[in-house]
Amino acid sequence: MEILVIDFSKLDGPERAETMVAIAAGFEDVGFFQLVNTGIPDDLLERVKKVCSDCYKLREQGFKESNPAVKALTELVEKEGESLAPRKIENLDWEDVFTLHDDLPWPSNPPAFKETMMEYRKELKKLAEKMLGVMEELLGLEEGHIRKAFTNDGDFEPFYGTKVSHYPPCPRPDLVDGLRAHTDAGGLILLFQDDRFGGLQVKLADGRWVDVQPLENAIVINTGDQIEVLSNGRYKSAWHRILATRDGNRRSIASFYNPARLASIAPATKPAAGEGAADYPSFVFGDYMEVYNKQKFGPKEPRFAAMATPTNK
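Residues numbered from 1 in each chain as written. Predicted model: local features only at pLDDT ≥ 70, side-chain atom pairs only at ≥ 80, totals over all residues. Heavy atoms only, no water.

Digging into unusual backbone geometry
Here is the rule we go by: Under the DSSP-based scheme used, a helix requires at least four consecutive residues in state H or I and a strand at least two consecutive residues in state E, with every element numbered from the N terminus. Per-residue accessibility, obtained with a 1.4 Å probe over protein chains only, is compared with the maximum for each type, and a residue is labelled buried under 20%, exposed over 50%, and partly exposed between these values.
Geometrically, the link from Asn 109 to Pro 110 is a cis peptide bond, its omega value of -5° lying close to zero. Unusually for a residue other than glycine, Asn 37 sits at a positive phi of about 55°. Within the fold, Asn 37 resides in the loop between β2 (32–36) and α2 (42–66). According to the relative accessible area criterion, Asn 37 is partly exposed, its value standing at 48%. A positive phi angle is found at Asp 153, which is not glycine, with a value near 60°. Taking the relative accessible area as the measure of exposure, Asp 153 reaches 58% and is therefore exposed.

Shown next as structure tokens:
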């Protein structure tokens, strides 16, 4: 099975209805899909690839020398050489990562990095907000409802951050994950992934893991736990992971359009036909993040349950 690929340019043409149906299926059936022809210039995407790859070259030695997963794997392999059966590393990821946010310091090298990534983030934010509008239409919500929820009705700005990751070649991918399986905590996630090296997988409802196939200059869309709550379970956050691989240095640039920490999140739609009252609690996003940061790689249901306790009402 391949993850759905949608031509986003058709949203503004005679095939709008069919495109909306495809996007609804992407949100509901798997929780992951890919957009092509997003309106983000190809030359900008090519520059993003270059500056992020160049940035990793400056970080590569640091990853090899000080990343905890590298150290742990080295120790495991040494024990294996002593005839001790190694156990998979469960609490670390084979990932080099840093985060971009307007209020945080940015890398000064390579010189073109900041200018290029600021331009990219500006374009991607436009795409994110257009996708939220599509989502509102599909869910039957008032225009602007999700942004109002994310900003506490305009009191705050939504959180918009970008995680720049690389997953270098791993000598023993059987002993460590690139990134452990999880669902995302926030709202809408827009991923510009490597178009040569795979590794990203999403878990289907039947328990199978399937690849999110590399596709040149596509933007992968998925939703986080807050959209699951807002949609009352209609758009569920999907489990996903990144496999470590022996070959290739996989690039991954994930941007997160999330609620402000003080935003109040609650179901915005009625339960599906035949269902009872809303199963999802109302809570402040920052409170949810405190729980998520401790339980990121565990099931999401206990996180929702924690928000339903009296202290969080």
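Let's talk about the pairing of strand β9 (residues 219–223)
For clarity, the cut-off: Only strands that DSSP links by at least two bridges are regarded as paired with each other.
Among the five residues of β9, five are classified as buried, and the element is accordingly described as predominantly covered. By the alternation rule, side chains of β9 split into Ile 219, Ile 221 and Thr 223 and Val 220 and Asn 222, which are all buried. Of the pairings in the sheet, the one linking β2 to β9 comprises four bridges and is antiparallel in character. Bridge pairing in β9 links Leu 35 to Ile 219. Summarising the sheet, strand β6 (residues 188–193) and β9 pair through four bridges and their orientation is antiparallel. Along β9, the bridge assignment pairs Leu 190 with Ile 221.

Digging into the environment of Val 284
Using the following cut-off: Any two residues having at least one pair of non-hydrogen atoms within 4.5 Å are treated as being in contact.
Positionally, Val 284 belongs in strand β13 (residues 283–284). A sequence separation of 21 residues divides Val 284 from Ala 305, and the C-alpha atoms of the two residues are 14 Å apart. Non-local contacts of Val 284, meaning those with residues more than four positions away in its chain, are made with Arg 261, Leu 262, Ala 263 and Ser 264.

What to know about the pattern of salt bridges
For the record, the criterion: The working definition used for a salt bridge is a side-chain nitrogen of Lys or Arg within 4 Å of a carboxyl oxygen of Asp or Glu.
The final tally for this structure, using the stated rule, is 26 salt bridges. Across the pair Lys 50 and Asp 54 runs a salt bridge whose closest N-O atoms are separated by 2.7 Å. With Lys 50 and Asp 54 both in helix α2 and four residues apart, this pair spans about one turn of that helix. With its nearest N and O atoms 3.7 Å apart, the salt bridge here joins Arg 147 to Glu 157. Note that Arg 147 is positioned in helix α5 (residues 145–151) and Glu 157 in the loop between α5 and β4 (159–167), a separation of 10 residues in sequence. Taking the relative accessible area as the measure of exposure, Glu 157 reaches 54% and is therefore exposed.

Re the packing of aromatic side chains
Put simply, the rule reads: Pairing of aromatic side chains requires ring centres within 6.5 Å, counting the rings of Phe and Tyr and the six-membered ring of Trp. Pairs whose planes differ by under 30 degrees are stacked, by over 60 edge-to-face, and all others tilted. For a Lys NZ or an Arg CZ to count as sitting over a ring, it must be within 6 Å of the ring centre and within 35 degrees of the ring normal.
For the structure shown, the criterion picks out 11 aromatic pairs. On the numbers, 5.5 Å between centres and 85° between planes, the contact of Phe 63 with Trp 94 is edge-to-face. One end of the pair, Phe 63, is in helix α2; the other, Trp 94, is in the loop between α3 (68–81) and β3 (96–100), with 31 residues separating them in the sequence. Note on accessibility: Phe 63 and Trp 94 belong to one class, buried. Cluster of aromatic residues (ring-pair linked, three or more members): Tyr 280, Phe 283, Tyr 288, Tyr 292 and Phe 304. Above the face of the Phe 297 ring, Arg 180 is positioned so that its terminal group lies 3.8 Å from the ring centre. In this structure, Arg 241 packs its charged tip against the face of Trp 209, placed 4.0 Å from the ring centre.

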